[in-house]
Amino acid sequence: QTLTDDSPDIATFTFGNVEGTYVRIFVSNVLSLAEVEVYGYHLNDVPTLFPTIKPTAVPSLLPSISNMPSSLTSSSKPNLALYKPAQQSTTGSNAGADLAVDGNTNGNFYDGSVAHTLGGNNWWMVDLQVI
(Lines give C-alpha, C1' and ligand atoms only; values in the text may rest on other atoms or scores of the structure.)
Protein backbone atom coordinates (compact mmCIF):
# COMPACT_ATOMS: atom_id res chain seq x y z
CA GLN A 1 0.00 0.00 0.00
CA THR A 2 1.23 3.53 -0.72
CA LEU A 3 1.08 6.56 1.54
CA THR A 4 1.31 10.10 0.23
CA ASP A 5 2.10 13.45 1.83
CA ASP A 6 -1.59 13.96 2.59
CA SER A 7 -1.96 10.54 4.26
CA PRO A 8 -3.15 10.36 7.88
CA ASP A 9 -0.65 10.44 10.72
CA ILE A 10 -1.58 6.88 11.64
CA ALA A 11 -1.71 4.30 8.88
CA THR A 12 -3.13 0.82 9.40
CA PHE A 13 -2.51 -1.99 6.93
CA THR A 14 -4.40 -5.27 7.19
CA PHE A 15 -3.16 -8.38 5.44
CA GLY A 16 -4.64 -11.86 5.32
CA ASN A 17 -2.66 -14.90 6.33
CA VAL A 18 0.88 -13.70 5.76
CA GLU A 19 4.10 -15.41 6.75
CA GLY A 20 7.23 -13.35 7.01
CA THR A 21 10.26 -12.37 8.99
CA TYR A 22 10.77 -8.72 8.05
CA VAL A 23 8.62 -5.62 7.77
CA ARG A 24 10.14 -2.97 5.49
CA ILE A 25 9.03 0.59 4.88
CA PHE A 26 10.38 2.52 1.89
CA VAL A 27 9.97 6.26 1.23
CA SER A 28 11.40 8.67 -1.33
CA ASN A 29 12.07 11.34 1.28
CA VAL A 30 12.88 11.65 5.00
CA LEU A 31 11.25 9.00 7.17
CA SER A 32 10.11 9.60 10.76
CA LEU A 33 8.36 6.81 12.67
CA ALA A 34 6.96 7.08 16.18
CA GLU A 35 6.07 3.39 16.46
CA VAL A 36 5.68 0.41 14.15
CA GLU A 37 3.38 -2.26 15.55
CA VAL A 38 2.90 -5.66 13.93
CA TYR A 39 0.14 -7.78 15.43
CA GLY A 40 -0.09 -11.50 14.84
CA TYR A 41 1.31 -14.81 15.96
CA HIS A 42 4.49 -16.74 15.41
CA LEU A 43 3.55 -19.83 13.43
CA ASN A 44 4.42 -22.07 16.37
CA ASP A 45 2.18 -20.00 18.66
CA VAL A 46 -1.07 -19.98 16.64
CA PRO A 47 -3.89 -20.37 19.19
CA THR A 48 -5.18 -23.88 19.81
CA LEU A 49 -8.54 -22.78 18.41
CA PHE A 50 -7.54 -24.71 15.27
CA PRO A 51 -5.65 -27.70 16.75
CA THR A 52 -5.93 -29.95 13.71
CA ILE A 53 -4.37 -27.44 11.30
CA LYS A 54 -0.60 -27.17 11.05
CA PRO A 55 -0.07 -23.64 9.70
CA THR A 56 3.41 -24.37 8.41
CA ALA A 57 2.14 -27.31 6.37
CA VAL A 58 -1.18 -25.96 5.07
CA PRO A 59 -1.21 -22.15 5.36
CA SER A 60 -4.07 -21.77 2.86
CA LEU A 61 -6.43 -23.55 5.27
CA LEU A 62 -6.02 -21.01 8.05
CA PRO A 63 -9.17 -18.94 8.56
CA SER A 64 -9.11 -15.40 7.31
CA ILE A 65 -8.94 -12.53 9.80
CA SER A 66 -12.62 -11.76 9.14
CA ASN A 67 -13.59 -15.30 10.19
CA MET A 68 -11.64 -15.27 13.43
CA PRO A 69 -13.58 -14.99 16.68
CA SER A 70 -13.56 -11.57 18.32
CA SER A 71 -11.37 -13.01 21.07
CA LEU A 72 -8.53 -13.14 18.51
CA THR A 73 -8.70 -9.59 17.19
CA SER A 74 -5.57 -7.45 16.84
CA SER A 75 -6.04 -6.09 20.35
CA SER A 76 -5.50 -9.58 21.78
CA LYS A 77 -2.61 -10.52 19.50
CA PRO A 78 0.96 -9.77 20.58
CA ASN A 79 2.95 -6.96 18.97
CA LEU A 80 5.61 -9.02 17.20
CA ALA A 81 7.77 -5.95 16.46
CA LEU A 82 8.14 -4.75 20.07
CA TYR A 83 11.83 -4.54 21.06
CA LYS A 84 12.93 -6.50 17.98
CA PRO A 85 16.10 -5.59 16.03
CA ALA A 86 15.50 -2.70 13.62
CA GLN A 87 17.63 -0.95 11.01
CA GLN A 88 17.28 2.08 8.79
CA SER A 89 19.12 3.46 5.77
CA THR A 90 20.40 6.62 7.49
CA THR A 91 20.07 8.14 10.94
CA GLY A 92 19.34 11.76 11.69
CA SER A 93 19.69 13.49 15.06
CA ASN A 94 20.75 10.25 16.80
CA ALA A 95 17.20 8.94 16.26
CA GLY A 96 17.96 5.30 15.49
CA ALA A 97 15.67 2.63 14.08
CA ASP A 98 15.13 0.98 17.48
CA LEU A 99 13.08 4.00 18.61
CA ALA A 100 10.24 2.85 16.34
CA VAL A 101 9.88 -0.45 18.25
CA ASP A 102 10.43 0.75 21.82
CA GLY A 103 6.77 0.64 22.86
CA ASN A 104 6.49 4.42 23.13
CA THR A 105 3.87 5.79 20.71
CA ASN A 106 4.55 9.43 21.56
CA GLY A 107 4.99 11.10 18.18
CA ASN A 108 6.76 14.20 19.48
CA PHE A 109 10.27 13.98 17.99
CA TYR A 110 11.77 16.07 20.80
CA ASP A 111 10.59 13.59 23.44
CA GLY A 112 13.15 11.09 22.10
CA SER A 113 11.08 8.20 20.79
CA VAL A 114 10.85 8.79 17.03
CA ALA A 115 13.15 7.07 14.50
CA HIS A 116 14.37 9.55 11.88
CA THR A 117 16.34 9.32 8.63
CA LEU A 118 18.16 11.85 6.47
CA GLY A 119 17.87 12.77 2.79
CA GLY A 120 15.89 10.85 0.20
CA ASN A 121 15.19 7.23 -0.76
CA ASN A 122 15.11 5.88 2.77
CA TRP A 123 14.02 2.62 4.28
CA TRP A 124 13.32 1.22 7.75
CA MET A 125 13.13 -2.47 8.65
CA VAL A 126 12.35 -4.65 11.66
CA ASP A 127 13.36 -8.30 12.01
CA LEU A 128 10.39 -10.08 13.63
CA GLN A 129 12.61 -13.10 14.25
CA VAL A 130 9.80 -15.38 13.08
CA ILE A 131 10.87 -18.81 11.90
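A. Here's a closer look at the overall build of the protein chain. Along its length, the protein chain carries zero helices and five strands. Listing the helices and strands of the protein chain from first to last along the sequence gives β-β-β-β-β. Split into buried and exposed, the 131 residues of the protein chain put 30% on the buried side. For the protein chain, the accessible surface area stands at approximately 8,700 Å², while carbon and sulfur atoms represent 51% of it.

B. Layout of the sheet that holds strand β1 (residues 22-27). Pairing within the open sheet is antiparallel, and its three strands lie in the order β1-β5-β3. At either margin of the open sheet sits one strand with a lone partner, and together these are β1 and β3 (86-88). Strand-to-strand twist in this sheet, taken as the mean axis angle between neighbours without regard to direction, amounts to 10°. Pairing between β1 and strand β5 (residues 122-127): six bridges, direction antiparallel.

C. Here's a closer look at the environment of L31. With respect to the helices and strands, the residue L31 is situated in the loop between β1 and β2 (32-33). For the pair L31 and H116, spaced 85 residues apart in the sequence, the C-alpha separation amounts to 5.7 Å. Look past the residues within four positions of L31 in its chain and what remains in contact with it is I25, A115, H116, T117, N122, W123 and W124.

D. Representation of the confidence of the model for the protein chain in the model. Averaged over every residue, the pLDDT of the protein chain is 78; the share at 70 or more is 69%. When mean pLDDT is compared element by element in the protein chain, β3 scores highest at 98, while β1 scores lowest at 92. Here residues 49-73 is a poorly scored stretch, pLDDT under 50, and it has 25 contacts once near neighbours within four places are set aside; other chains count.

E. Representation of the side chain of Q88 within the structure. Take Q88: it is sitting in strand β3. Judged by its relative accessible area of 11%, Q88 is buried. There is a polar contact of 3.4 Å between the side chain of Q88 and the backbone nitrogen of A97. Setting aside its immediate chain neighbours within four residues, Q88 contacts A95, G96, A97, A115, H116, T117, W123 and W124.

F. Summary view of the environment of S28. Within the secondary structure, S28 sits in the loop between β1 and β2. Note on S28: relative accessible area 60%, which makes it exposed. The contact partners of S28, leaving out residues within four places of it in the chain, are G120 and N121.

G. Here's a closer look at the pairing of β5. Counting buried positions along β5 gives five out of six residues, so the element sits mostly inside the fold. Judged from the three bridges that link them, β3 and β5 form a sheet pairing that is antiparallel. Residue pairing across strands places Q87 opposite M125, the latter belonging to β5.

Procedures and definitions
- Residues numbered from 1 in each chain as written.
- Predicted model: local features only at pLDDT ≥ 70, side-chain atom pairs only at ≥ 80, totals over all residues.
- Heavy atoms only, no water.
- Helix = DSSP H or I, 4+ residues; strand = E, 2+ residues; numbered from the N terminus.
- Buried < 20%, exposed > 50% of the residue type's maximum accessible area, 1.4 Å probe, protein only.
- Areas by Shrake-Rupley, 256 points an atom, 1.4 Å probe, with all protein chains shown as cover.
- Pairing = 2+ DSSP bridges.
- Axes fitted to C-alpha atoms, helices over the stretch in contact; angles between N-to-C directions.
- Contact = heavy atoms within 4.5 Å.
- pLDDT = per-residue confidence, 0-100.
- Polar contact = N/O pair within 3.5 Å; in protein donor to acceptor, adjacent residues only side chain to side chain.

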